[in-house]
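Below are the chains, spelled out letter by letter.
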Amino acid sequence: MTEKPRTRETRPATASSRPAGTTIRATGGTQVRPATEGWTQQKDAEGRPLLQFASPKRGKPPVHLADLTPAERVDKVKELGLPGFRAKQLSTHYFRHYTSDAAEMTDLPAGIREELVAGMLPPLMTEVRRLETDRGDTIKFLWRLHDGALVESVLMRYPGRITLCVSSQAGCGMNCPFCATGQAGLTRNMSTAEIVEQIVRANRLIADGGLGGKKADDHSMERVSNIVFMGMGEPLANYKRVMDAVRIMVAPQPDGLGMSARGITVSTVGLVPAIKKLADENIPVTFALSLHAPDDHLRDELIPVNSRWKVDEALDAAYDYYAKTGRRVSIEYALIKDMNDHAWRADLLAEKLNQRGRGWVHVNPIPLNPTPGSIWTSSEKDVQDEFVRRLNDAGIPTTLRDTRGKEIDGACGQLVATTEDEAAAAALA
């Protein structure tokens, strides 16, 4: 592919490009403007990047036990002509033993097992492909949903924890030009049960010894300990289903998965009204704001939703989340060479965060994970180190993210269904 020439600019010098009173201490270097490579960004009638907040109309997935409250599960079982206590048995099999296989549910009468499981635990997703790296410590799953939509999730073992990066939408409607997931737009929202099913399937694989990194033979007590909503989709654009899924994650077994809310991270590119709503949920999840630029001049182009809610609005909402919940906020910042990694931007980010107080935020710079056909790449190591140093010196706790799964296109911003994936999924249909 012929590489398009990069257009360059110096840092914005006008007062309107930064908040009043902000002092830029370092000179800006060359600036690569955001542009797409190898694909065409969807635009609206006014020529602005298209934002899709509403899910396209498609056939709904079948109603699953994980879509229902405990009381609704009992009612559903009774509708099938069976006693209500069978709902608790099914929940135990699904949320504690991580199975939807009727043959394993020997405490259910043989004559009703198949019918009950078909009515309460219908198939939601088919595994199309599984890729492994890091000596089996990282696994990327490609799932085919009931209507043919494709989503991915990534399972990662770290010292002392097992993290699953889950998808909340098939595709994404936020149209960020550096993220592979947004290139094809939004296919649809995922259901509550489809979100939860990713965790259940991962837990079953772990229990069966399918995740590398642990020498012990017995994995039966291991399970996913941390969830990050950083897979496909903008979680807060699918707010109700994501929050219903979170409630199931934290509900005690067997009504849910019995996870700690503090091990669950919900991220967003900056949907301010939904951030404010999240702060009132009284569920102490970790909140992460994908900022990627501290100035509206760049973020308008890098994160199209910034046309709706500007940097300061998003940071104000993030700070309010901390003020209401007491939970420290995470700022995600993909470091892109010559795009947003300038020293003066580190200074500006620190100033904006410190203007709102101390101790409320932690910054996670992430070396960009390149996508096929893009001219963008991660910052040079010395530039990354300088960016991190400036933030830490300004009193902002900052840790460079340990990325996983780049070799299998499983890292942040790389999750996307390819033509090869679609062909593999079609073969299973």
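Quick note: structure is the one above.
All of the points below concern the structure found in this document.

Thresholds applied
- Residues numbered from 1 in each chain as written.
- Predicted model: local features only at pLDDT ≥ 70, side-chain atom pairs only at ≥ 80, totals over all residues.
- Heavy atoms only, no water.
- Core = buried A, V, L, I, M, F, W, Y, C linked by side-chain atoms within 4.5 Å.
- Buried < 20%, exposed > 50% of the residue type's maximum accessible area, 1.4 Å probe, protein only.
- Helix = DSSP H or I, 4+ residues; strand = E, 2+ residues; numbered from the N terminus.
- 1 Å grid on protein atoms, 1.4 Å probe; cavity = no way out; pocket = protein on both sides within 12 Å on 5 of 7 lines; lining within 4 Å.
- Points joined across faces, edges and corners; volume = space filled by probe spheres on them.
- Nonpolar A, V, L, I, M, F, W, Y, C, P; charged D, E, K, R; others polar.
- Salt bridge = Lys/Arg side-chain N within 4 Å of Asp/Glu carboxyl O.
- Pairing = 2+ DSSP bridges.

1. Looking at the nonpolar core
The biggest cluster of nonpolar side chains holds 109 residues, and the ones touching the most others in it are L155, V224, I227, F229 and M249. Ranked by the residues each element gives to this core, the list is headed by helix α4 (residues 192-207), at eight residues.

2. Description of the layout of surface pockets
Empty space within the second largest pocket amounts to approximately 720 Å³. Along the wall of the second largest pocket there are 28 residues; nearest its centre are D67, M190, S191, T192 and R241. Secondary-structure elements contributing two or more residues to the lining of the second largest pocket are α1 (70-79), β8 (186-189) and α5 (239-250). By residue number, the principal contributor to the lining of the second largest pocket is α5, which donates five residues. Taken together, the residues of the lining of the second largest pocket sort by class into 10 nonpolar, six polar and 12 charged.

3. Concerning the pattern of salt bridges
All told, the structure shown has 28 salt bridges when counted by the stated rule. Linking D208 and R204 is a salt bridge whose minimum nitrogen-to-oxygen distance equals 3.3 Å. Of the residues examined, R204 reaches a relative accessible area of 24% and is grouped as partly exposed. Taking the shortest distance from any N to any O, the salt bridge between K240 and D244 comes out at 2.8 Å. Taken together, the positions of K240 and D244, both in helix α5 and four residues apart, correspond to about one turn of that helix. With relative accessibility at 58%, the residue K240 sits in the exposed group.

4. Some points on unusual backbone geometry
Omega for the bond connecting Q253 with P254 falls within 30 degrees of zero, at 5°, which places this linkage in the cis form. Take P254: it is sitting in the loop between α5 and β10 (264-268). At N175, a position not held by glycine, the phi torsion is positive, near 60°. Tracing the backbone shows N175 in the loop between β7 (169-171) and β8. With relative accessibility at 4%, the residue N175 sits in the buried group.

5. Digging into the pairing of strand β4 (residues 138-145)
Counting buried positions along β4 gives seven out of eight residues, so the element sits mostly inside the fold. Note: strand β3 (residues 125-133) against β4, eight bridges, orientation antiparallel. Across the sheet, residue E132 finds its bridge partner in β4, namely I139. Where β3 folds back on β4, the antiparallel hairpin that results is connected by four residues, among which D134 adopts a positive phi of roughly 55°. Across seven bridges, the pairing between β4 and strand β5 (residues 150-158) is antiparallel. Looking across to β5, one finds that F141 is bridged to S153.

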